[in-house]
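Here is how the chains run, residue by residue.
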Amino acid sequence: MAAPESVPRLCQVVLDGTDIRALAEFYRSLLGLVYRPGDEPPTDGSPDERGRDWLVLRHPEGGTQLAFQQVDRLPEATWPEHDVPQQLHLDLTVGSVAELAVQHERVLRLGGRLRFDRSDDPDEPLRVYADPAGHPFCVFVG
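Residues numbered from 1 in each chain as written. Predicted model: local features only at pLDDT ≥ 70, side-chain atom pairs only at ≥ 80, totals over all residues. Heavy atoms only, no water.

A. Quick peek at the packing of aromatic side chains. Under the counting rule described, the total for this entry stands at six aromatic pairs. Ring geometry for Phe26 against Tyr27: centres 5.0 Å apart, planes inclined by 85°, an arrangement best described as edge-to-face. A residue is classified by how much of its surface remains accessible, and Tyr27, at 0% relative accessible area, is buried. Where Tyr27 meets Phe137, the ring centres are 6.0 Å apart and the plane angle is 65°; that geometry is what we call edge-to-face. Here Phe137 lies in strand 8 (residues 136-141) and Tyr27 lies in helix 1 (residues 20-31), a separation of 110 residues in the sequence. You can call Phe137 buried: its relative accessible area is 0%. One aromatic cluster in this structure is built from Phe26, Tyr27, Phe68, Tyr129 and Phe137. (Phe/Tyr/Trp six-rings, centres within 6.5 Å; stacked < 30°, edge-to-face > 60°. Buried < 20%, exposed > 50% of the residue type's maximum accessible area, 1.4 Å probe, protein only. Helix = DSSP H or I, 4+ residues; strand = E, 2+ residues; numbered from the N terminus.)

Given below as structure tokens:
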């Protein structure tokens, strides 16, 4: 019997941003993630060297990470218009329409912006948001 083919493992999704510390903080708060050791923001007033280049967030129980790469310029996706395509988006799920409503308030409080609302769809209630850097992401009942 032949050995199964080796395949790479998805390690992380990387988002570009012009202020990656703020972007990482948004997703850390929204998703309950933690910084990779050494990537935490400095608490002693020293310069945030890591926050000027590359940061990684992890789930406390492991799995795929979310990373952030500093860029000088980032055109914001214009979805649902097609002038600047989204190229990638994150899908986040919740268990009920009630939880969708709770997460809607959290997303807005944390700095996300509503781009599309289909929360009343009986088959797949969802909302599409832009994070503080303009990356689209969905929260839907799955």
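B. Molecular detail of the sheet that holds strand 2 (residues 34-35). The strand order across the open sheet formed by four strands is 1-4-3-2, and the pairing between neighbours is mixed. Of all the strands in the sheet, the pair left with one neighbour each is strand 1 (12-17) and strand 2. The pairing of strand 1 with strand 4 (residues 65-70) spans six bridges and is parallel. The partner of Asp16 across the bridge, within strand 4, is Gln69. Contacting strand 1, strand 2, strand 3 (54-58) and strand 4, helix 1 runs over the sheet at an angle of about 165° to strand 4. (Pairing = 2+ DSSP bridges. Contact = heavy atoms within 4.5 Å. Axes fitted to C-alpha atoms, helices over the stretch in contact; angles between N-to-C directions.)

C. Summary view of the sheet that holds strand 8. Pairing is mixed in the open sheet, where four strands are placed in the order 5-8-7-6. Strands with a single pairing partner mark the edges of an open sheet, and in this sheet they are strand 5 (90-94) and strand 6 (113-118). Each neighbouring strand pair of the sheet contributes to a mean axis angle of 20°, computed without reference to strand direction. In this sheet, strand 8 lies alongside strand 5 in parallel orientation, the contact comprising five bridges. Within strand 8, the position partnered with Leu92 by the bridge is Val139. Across the sheet, helix 2 (residues 97-110) is in contact with strand 5, strand 6, strand 7 (126-130) and strand 8; its angle to strand 7 comes to roughly 10°.

D. Spatial organisation of the packing of helix 1 against helix 2. Between helix 1 and helix 2, the shortest axis-to-axis distance is 10 Å and the interhelical angle comes to 155°. Taken together, the axis directions place helix 1 and helix 2 in an arrangement best described as roughly antiparallel. Every pair of crossing elements has a handedness; the one defined by helix 1 and helix 2 is right-handed. Taking contact as the criterion, the partners of Phe26, Ser29 and Leu30 in helix 1 are, on helix 2, Gln103, Arg106, Val107 and Leu110. The residue makeup of the contact of helix 1 with helix 2, split by class, is four nonpolar, two polar and one charged. (Parallel < 35°, antiparallel > 145°, perpendicular 65-115°, else oblique. Left-handed = near helix turned anticlockwise from the far one by under 90°. Nonpolar A, V, L, I, M, F, W, Y, C, P; charged D, E, K, R; others polar.)

E. Quick look at the pattern of salt bridges. Considering all chains together, one arrives at ten salt bridges under this definition. Notably, a salt bridge pairs Arg52 with Glu49, separated by 3.1 Å at the nearest N-O pair. In this structure, Glu124 and Arg118 form a salt bridge, with 2.9 Å as the shortest nitrogen-oxygen distance. A relative accessible area of 26% means that Arg118 is categorised as partly exposed. Beyond isolated ion pairs, a larger network of salt bridges with shared partners links Arg36, Asp39 and Arg50. (Salt bridge = Lys/Arg side-chain N within 4 Å of Asp/Glu carboxyl O.)

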